[in-house]
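# Structural overview
Residues per chain are reported as follows:
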Protein chains: 2
Amino acid sequence: MTFTVGRPRHTPPRHEGLSPRDEILESAAQLFTERGFGATSTRRIAEHVGMRQASLYHHFENKDSILEALLMSTIEGTLETAERLRGAATSPAAELYALVRWDAGQLLAARWNLGALYTLPEVRGPRFAPFQRRRDRLRERYRVLARAVAEDAGGPTDPATLELPLRLAETAIAQRTDGPVGDPRPVAAALADAALRVLGARPEQAARAASRLPEPEPVP
Amino acid sequence: MTFTVGRPRHTPPRHEGLSPRDEILESAAQLFTERGFGATSTRRIAEHVGMRQASLYHHFENKDSILEALLMSTIEGTLETAERLRGAATSPAAELYALVRWDAGQLLAARWNLGALYTLPEVRGPRFAPFQRRRDRLRERYRVLARAVAEDAGGPTDPATLELPLRLAETAIAQRTDGPVGDPRPVAAALADAALRVLGARPEQAARAASRLPEPEPVP
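The structure presented is a predicted model; accordingly, all values stated were derived computationally and were not measured.

With that out of the way, let us pick up the domain arrangement of chain A. All names here are of chain A. By domain assignment, chain A separates into domain 1 (20–60) and domain 2 (72–212). Taken over C-alpha atoms, the centre of domain 1 sits 29 Å from the centre of domain 2. Regarding the contact of domain 1 and domain 2, the summed buried area is about 630 Å², with carbon and sulfur atoms giving 75% of it. Considering only the side of domain 1, the residues that lose the most area to domain 2 are Glu-26, Thr-33 and Phe-37, jointly responsible for 62% of the buried surface there. Connecting domain 1 to domain 2 are one salt bridge. Put simply, Arg-111 and Glu-26 hold a salt bridge, and the shortest N to O gap is 3.1 Å. The interface formed by domain 1 and domain 2 holds two residue pairs in polar contact (both at pLDDT 80 or more) in total. Grouping the constituent residues of the side of domain 1 that touches domain 2 by class yields three nonpolar, two polar and two charged.

Take a look at the structure:
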């Protein structure tokens, strides 16, 4: 006969099959996006998981560390995809099309709308510099591709326009804030089309060339 | 000789020439956008103004009422402008161009980046239904214009694309979150150009036709 060690959980485990660290991230993602970052304490996150607060602090130093892990999760897959596309795409237009489609697709399909946390004032502080550096790296890749596409198409190359493909991908965040989006694939494709059009390029050929490039997995 | 009544202010008045109500809004706008809505109490707002908390409650019932007034301020000028443009514009393309230019222009030029508060989960609750109704009204006007422009141009009329002119105007919010934008006018014009391009229209003629339509006042 064995005995369980420590205090019992407050509630049965909420997230079957996840590691304790991922359970914390899952509960925090839900609470930060549904109730607000400022309005959510680590105590509330631990209660939501069904875990003692001391156990939570075994995995994360504080609430900012949890937020950082969630922000990183929104960008790391896209950065890896950007690297893969760099090798696989046959033109800057096809590469940009596939990048917007991926980035918007994962922002739309992720279980929680974590991109909505980008605008938190807390995220501008030095604590989040590692996340901001990764985001700057992605932004720079977008800009390089946008310039190449606009130059090929004879389209506008002013700095404000070259920012727009990234911005268009990230409108997925605001669309989710305003209500359910439905199937993410046509929305992500419309955003990829739009990213080429704002640069003066026609999207049809790029969309065909991108048909063999990676797309996010459909939501299970 | 006269005596002042009540406790003295904690600090000298911060906002010369504003009414007490506007002083509260000004301090709250700064604190909500720089420190976060959840992290800011009405006590902190009152201290920032240099006002007793009881005096703050004379003007606003609670923190949500202050947030509502700030959100309304981001949209009411644009709704009025949308009505004026409806009478003054010579084509849907010119009207949409001028609407995006105005909306983006005021989001960029406003003293605080209040649009960043749109993604707060708190704003989705029934307490903010009057704000959401006004925003839906603006969104519908954008959609009607976008459909007319796309049909004239033989461009895409899928629902996801017809959302994009509004979304492009609102990318002004994310651009400000990421850092100082500089002169808002070229950025607002680039967003208005982009709104026409995503609908398959060429922006040059619309930009010329919009040159006599209202623009936000330059920042003082």
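There's plenty left to go through after this.
Here we take up the pattern of salt bridges. Counted under the stated rule, the structure contains 32 salt bridges over all chains. A salt bridge links Arg-139 of chain A to Glu-163 of chain A, with the shortest nitrogen-to-oxygen separation between them at 3.2 Å. Pair noted here: Arg-139 of chain A is in helix α6 (residues 129–153) and Glu-163 of chain A is in the loop between α7 (159–162) and α8 (164–177), with a separation of 24 residues, a long-range link. On the basis of relative accessibility, which here comes to 16%, the residue Arg-139 of chain A falls in the buried class. Residue classification places Glu-163 of chain A among the buried residues on the basis of a relative accessible area of 9%. Among the salt bridges present, the one from Glu-151 of chain B reaches Arg-147 of chain B, with a minimum N-O distance of 3.7 Å. Of the two residues, Glu-151 of chain B and Arg-147 of chain B are both situated in helix α6 (residues 129–153); the distance of four residues between them amounts to about one turn of the helix. A single salt-bridge network, built from bridges that share partners, covers Arg-135, Arg-139, Glu-140, Arg-143, Glu-163, Arg-167 and Glu-170 of chain A together with Asp-178 of chain B.

Side chains that are nonpolar tend, in soluble globular proteins, to be buried together. Counting residues in each nonpolar core, the largest one holds 138 residues, and the members touching the most others are Ile-66 of chain A together with Ile-66 of chain B. If we ignore the near neighbours within four places in the chain, the residues touching Ile-66 of chain A are Ile-24, Leu-25, Ala-28, Phe-32, Ile-45, Leu-56 and Phe-60 of chain A.

This part covers the relation of the copies chain A and chain B. Placing chain A over chain B gives an RMSD of 0.0 Å and needs a rotation angle of 180 degrees, together with 0.0 Å of translation along the axis. In the structure described here, the two chain copies are related by an operation that fits a two-fold rotation axis. The position closest to the rotation axis in chain A is occupied by the C-alpha of Gly-38 of chain A, lying 2.0 Å away. With an isologous cut-off of 70% or more, the 100% of interface residues of chain A that recur at the interface of chain B puts this contact in the isologous class.

Contacts between the two partners involve 34 residues from chain A, matched on the other side by 34 residues from chain B. Among the residues chain A hides against chain B, the three largest losses belong to Arg-167, Asp-178 and Arg-197 of chain A. Together they make up 20% of the total. Here chain A is connected to chain B by six salt bridges. Between Asp-178 of chain A and Arg-167 of chain B there is a salt bridge, with its nearest N and O atoms 2.9 Å apart.

Quick look at the packing of helix α5 (residues 92–109) of chain A against helix α9 (residues 184–198) of chain A now. Residues and elements named next belong to chain A. Following both chains from N to C, one finds α5 and α9 inclined at 140 degrees, their axes separated by 8 Å at the closest point. As for how α5 packs across α9, the hand of that crossing is right-handed. Contacts from Ala-93, Leu-96, Tyr-97, Val-100, Arg-101, Ala-104, Gly-105, Leu-108 and Ala-109 of α5 reach α9 at Pro-184, Val-187, Ala-188, Ala-189, Leu-191, Ala-192, Asp-193, Ala-195 and Leu-196. Counted by class, the contact of α5 with α9 contains 15 nonpolar, one polar and two charged residues.

Right, let's talk about helix α1 (residues 20–34) of chain B for a bit. Residue and element names in this part refer to chain B. Its 15 residues place the ends of α1 21 Å apart at the C-alpha level, agreeing with the 21 Å of an ideal helix rising 1.5 Å per residue. α1 sits mainly inside the fold: 11 of its 15 residues count as buried. Taken together, the buried positions of α1 are occupied by Glu-23, Ile-24, Leu-25, Glu-26, Ser-27, Ala-28, Ala-29, Gln-30, Leu-31, Phe-32 and Thr-33. Taken together, the buried residues of α1 touch α2 (42–49), α3 (53–59) and α4 (63–88). Positioned one or two residues after α1, Gly-36 has a phi angle of 110 degrees, which is positive.

Here the focus is the UniProt feature "domain: HTH tetR-type" (unreviewed entry) in chain A. With numbering aligned to this structure, UniProt lists the feature "domain: HTH tetR-type" (unreviewed entry) at residues 18–78 of chain A. A distance of 23 Å separates the end C-alpha atoms of residues 18–78 of chain A, which is 75% helix and 0% strand.

A few words on helix α8 (residues 164–177) of chain B. All names here are of chain B. Spanning 14 residues, α8 covers 20 Å between terminal C-alpha atoms, matching the ideal 20 Å at 1.5 Å per step. Bending of α8 peaks at approximately 25 degrees at the position of Glu-170. Of all 14 residues in α8, 13 are buried, a share of seventy percent or more.

On to the environment of Arg-124 of chain A. Mapped onto the secondary structure, Arg-124 of chain A falls in the loop between α5 and α6. Arg-124 of chain A gets classed as partly exposed once you look at its relative accessible area, which sits at 42%. Spatially, the C-alpha atom of Arg-124 of chain A lies 18 Å from that of Ala-39 of chain A, the residues being 85 residues apart in sequence. A distance of 3.1 Å separates a polar side-chain atom of Arg-124 of chain A from the backbone oxygen of Thr-33 of chain B.

Scoring rules and cut-offs
- Residues numbered from 1 in each chain as written.
- Chains lettered and ligands numbered in written order.
- Predicted model: local features only at pLDDT ≥ 70, side-chain atom pairs only at ≥ 80, totals over all residues.
- Heavy atoms only, no water.
- Domains from an automatic or database assignment.
- Buried area = accessible area lost by both parts, 1.4 Å probe.
- Salt bridge = Lys/Arg side-chain N within 4 Å of Asp/Glu carboxyl O.
- Polar contact = N/O pair within 3.5 Å; in protein donor to acceptor, adjacent residues only side chain to side chain.
- Nonpolar A, V, L, I, M, F, W, Y, C, P; charged D, E, K, R; others polar.
- Helix = DSSP H or I, 4+ residues; strand = E, 2+ residues; numbered from the N terminus.
- Buried < 20%, exposed > 50% of the residue type's maximum accessible area, 1.4 Å probe, protein only.
- Core = buried A, V, L, I, M, F, W, Y, C linked by side-chain atoms within 4.5 Å.
- Contact = heavy atoms within 4.5 Å.
- Least-squares fit on C-alpha atoms with pLDDT ≥ 70 in both.
- Axes fitted to C-alpha atoms, helices over the stretch in contact; angles between N-to-C directions.
- Left-handed = near helix turned anticlockwise from the far one by under 90°.
- Expected span 1.5 Å × (residues − 1).
- UniProt positions renumbered as here; feature names shortened; annotations may be inferred.
- Bend = angle between axes of the 7 residues up to and from the residue.

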